Protein chains: 2
Amino acid sequence: MESQDDFALSCPIQIQRYPQVLLAHGGGGKLTHQLIERMFAPAFSNPLLGARHDGATFSVNGSRLAFTTDSYVVRPLFFPGGDIGSLAVNGTVNDLAMCGARPLYLSAGFILEEGLPMETLWRVTQSMRRAAAEANVEIVTGDTKVVDKGKGDGVFINTAGVGVIEHGLSISPASVRRGDTILLSGDIGRHGIAIMAAREGLSFECEITSDCAPLAGLVSALIEAGIEIHCLRDLTRGGLASALVEIAEVARVNIKIDEIAIPVREDVRGACEILGFDPLYLANEGRFVAFVASPDAERALSIMSSHPFGGGASIIGDVASASSAIVTLKSRIGGARIVDMLTGEQLPRIC
Amino acid sequence: MESQDDFALSCPIQIQRYPQVLLAHGGGGKLTHQLIERMFAPAFSNPLLGARHDGATFSVNGSRLAFTTDSYVVRPLFFPGGDIGSLAVNGTVNDLAMCGARPLYLSAGFILEEGLPMETLWRVTQSMRRAAAEANVEIVTGDTKVVDKGKGDGVFINTAGVGVIEHGLSISPASVRRGDTILLSGDIGRHGIAIMAAREGLSFECEITSDCAPLAGLVSALIEAGIEIHCLRDLTRGGLASALVEIAEVARVNIKIDEIAIPVREDVRGACEILGFDPLYLANEGRFVAFVASPDAERALSIMSSHPFGGGASIIGDVASASSAIVTLKSRIGGARIVDMLTGEQLPRIC
């Protein structure tokens, strides 16, 4: 077969080791990374895609723009603290914010399964409306497809977004420098645990709600205050650990973080212990890390801390020598370990 | 239930008549239209979305941009003349072209079903690469999600696109004027029949291939020649008939077309007769109509005809009185009938 030959000739060996797509290819960890690096990046090769950023940035007639996309397949559709609609708006708003852009316009592409209750679609749509209003973006174009019953799962949503970059900073993993201070905008792990609890019918003493939130306002406050930001990254699939490892690899730096400085709520930590999860790998939908020039770190922390979506912010580490691309964690009991990307699949369809 | 109340209070009666999503809600005809008008447009209410165009157009720092999205769920993934990859690139390129924009950048969001052969994804990716190169656009950002086996159907692709508008024309359904001449860029119905044949294992004397093609080059040639274009619309789901009815409704005009002037290949016409389809409602992926100021019509026809993707172009009608929003077809035998939008679902998952 010709196509078989094409594949054998061209498909990189690392991809060939997996003759079929696994859930972990969508988990935001090593296999997702490999698929991007070996399949998509070579095919769609261009400098913008190569930046391994949360979105692409480019200039049109002298205006700097950001452009990003994400599909949402979260299960269940509604969970404590959010739903697929608010997630689809905030996720793309946040990816634009991580590019240092002010989000302007979103698209919305729906893939509906035949038989989806119209009421469900209505609730999702109303949630998107509220989230867009809160994030100050407009949903300006869209598309609806319907697939046969049993060929989808209720509703999948894709959002893409366009934003404008109104400052002179170059915010990108490649801009991370030795000496940078790393801030985390709040406690981690709530989205992952909220989804897990909703899916498995677990209950805790207090309900653990997703941290799902729009981050563009907080980022904008940092930029307007003149903070020298080098890189921003929201902590979605793969969690804090995978985000930091990817940045370390792109910037070729050694990232050192301190476990004791990473806020994890007691109930989230407890749930992690029971369920066997590591909070470092849990998904978040309203948290990000900021790499800033170290003289600006305390000021950045103060701006974050006084913002509704940065209340639990902390300084979690810094960027050390530029010789090795690793992430090192100083543990609670004082030991040090190397942090790797998420391997395999922790919680499929988290977003 | 609170959500039930929300729904009952707010969900418009026309939507409530359908308690569940039907395949026809994604067919590009009346029900799709109703979903947009009654569910999405009120929720995401803004002037850009209200334009009922193939995409949104807006200005950023004085540059006019276009932004559009489409999800692709075509079945089968590969068909004569194309595949889901080329469709996903050309479809979004064409929506930008219909806004009068020069396509610049695309995003690609994949929703993969667990167990998808990696070779299939490779072939789709390579097809997207070729289509993007042919259309002179770059795929600059993307996303991959994986859903459990049985909760998807191989691969769904969303593409969104950003383009720049480099002329002073206002190309939009609202710009259509009495006296405009309507051009069709080539024969219709091939995509629909090609998909149908591939799906049902039908064979014809000569293979009928999809017309899937990028249209931005042809549109650009018309604009550069100074043709006074008022509206452009590609003829995807719902076909020529649904596209014209929608334009007539937005512009509040009477569109008159002449059946004998509408090119349909003999084999497509034969297949339609056997299968009981009307070519006016069949989907196309490389055909569009142009509403132009009538003094420019012959020149526009000549430009189209000399372009590889406009070889079979013809003048199919004009815009008459502005008092009634209808489409009238003069039939081959001289009678006249009113053309309506596609009702129900002709061929699900055509794109």
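The structure displayed is predicted, hence computed values, not measured ones.

(A) Fine view of the overall build of chain A. Counting its secondary structure elements, chain A contains 10 helices and 14 strands. In terms of C-alpha radius of gyration, chain A reaches 20 Å, essentially the compact-globule figure of 20 Å for 351 residues. Taken over the C-alpha atoms alone, chain A extends approximately 55 × 55 × 50 Å along its principal axes. Burial statistics for chain A: of 351 residues in total, 64% are counted as buried. Approximately 12400 Å² of chain A is accessible, and the part contributed by carbon and sulfur atoms is 50%. The distance from the centre of the 29 positive side-chain charges to the centre of the 40 negative ones in chain A is 3 Å.

(B) The arrangement of the relation of the copies chain A and chain B in detail. With an RMSD of 0.0 Å, chain A superimposes on chain B once it is rotated by 180° and translated 0.0 Å along the axis. In the structure described here, the two chain copies are related by an operation that fits a two-fold rotation axis. Taking C-alpha positions as reference, the residue of chain A nearest the rotation axis is G152 of chain A, located at 2.2 Å. With an isologous cut-off of 70% or more, the 100% of interface residues of chain A that recur at the interface of chain B puts this contact in the isologous class.

(C) Inspection of the confidence of the model for chain A at higher detail. Residues and elements named next belong to chain A. Residues with a pLDDT of 70 or more make up 96% of chain A, whose mean pLDDT is 93. Predicted confidence is poor over residues 1-5, with pLDDT under 50, and the contacts of this stretch with residues over four places away or in other chains come to four contacts. Scoring the predicted complex yields pTM 0.95 and, for the interface, ipTM 0.95.

(D) Structural view of the interface of chain A and chain B. Contact with chain A, which involves 88 residues of that partner, is made by 88 residues of chain B. For the pair chain A and chain B, the summed buried surface comes to about 7500 Å²; carbon and sulfur atoms form 69% of the total. For the pair chain A and chain B, the number of links is 10 salt bridges. Measuring nitrogen to oxygen at the nearest pair gives 3.8 Å for the salt bridge that ties D148 of chain B to R75 of chain A. Here chain A and chain B share 22 residue pairs in polar contact (both at pLDDT 80 or more) between them. Elements represented by at least two residues in the side of chain A that touches chain B include exactly α1 (2-10), α3 (30-43), β1 (56-60), β2 (63-72), β5 (102-113), α5 (118-135), β6 (138-147) and β7 (155-165) of chain A. Of the residues assigned to the side of chain A that touches chain B, the class counts are 45 nonpolar, 25 polar and 18 charged.

(E) Examining the sheet that holds strand β7 (residues 155-165) of chain B more closely. Residues and elements named next belong to chain B. Strand order in the open sheet made by the five strands is β1-β2-β7-β5-β6, with mixed pairing throughout. With partners counted over all chains shown, the strands left at the sheet margins are β1 (56-60) and β6 (138-147), one partner each. Taken over all neighbouring pairs, the strand axes of this sheet differ in orientation by 20° on average, direction set aside. One ladder, built from nine bridges, connects strand β5 (residues 102-113) with β6; its direction is parallel. Considered in β6, the bridge of Y105 is made with E138.

(F) Inspection of the pairing of β5 of chain B at higher detail. Residue and element names in this part refer to chain B. The element β5 is largely enclosed, with a buried count of 11 among its 12 residues. Here β5 pairs with β7 via 10 bridges, running antiparallel. Following the sheet pairing, L106 is matched in β7 by G161. Taken together, β5, helix α5 (residues 118-135) and β6 form a β-α-β motif whose crossover is right-handed.

The rules we used
- Residues numbered from 1 in each chain as written.
- Chains lettered and ligands numbered in written order.
- Predicted model: local features only at pLDDT ≥ 70, side-chain atom pairs only at ≥ 80, totals over all residues.
- Heavy atoms only, no water.
- Helix = DSSP H or I, 4+ residues; strand = E, 2+ residues; numbered from the N terminus.
- Rg over C-alpha atoms; globule rule 2.2 N^0.38 Å.
- Buried < 20%, exposed > 50% of the residue type's maximum accessible area, 1.4 Å probe, protein only.
- Areas by Shrake-Rupley, 256 points an atom, 1.4 Å probe, with all protein chains shown as cover.
- Lys, Arg positive; Asp, Glu negative; His and termini not counted.
- Charge placed at Lys NZ, Arg CZ, Asp CG, Glu CD.
- Least-squares fit on C-alpha atoms with pLDDT ≥ 70 in both.
- Contact = heavy atoms within 4.5 Å.
- pLDDT = per-residue confidence, 0-100.
- Buried area = accessible area lost by both parts, 1.4 Å probe.
- Salt bridge = Lys/Arg side-chain N within 4 Å of Asp/Glu carboxyl O.
- Polar contact = N/O pair within 3.5 Å; in protein donor to acceptor, adjacent residues only side chain to side chain.
- Nonpolar A, V, L, I, M, F, W, Y, C, P; charged D, E, K, R; others polar.
- Pairing = 2+ DSSP bridges.
- Axes fitted to C-alpha atoms, helices over the stretch in contact; angles between N-to-C directions.
- Right-handed = clockwise from strand over helix to strand, strands pointing away.

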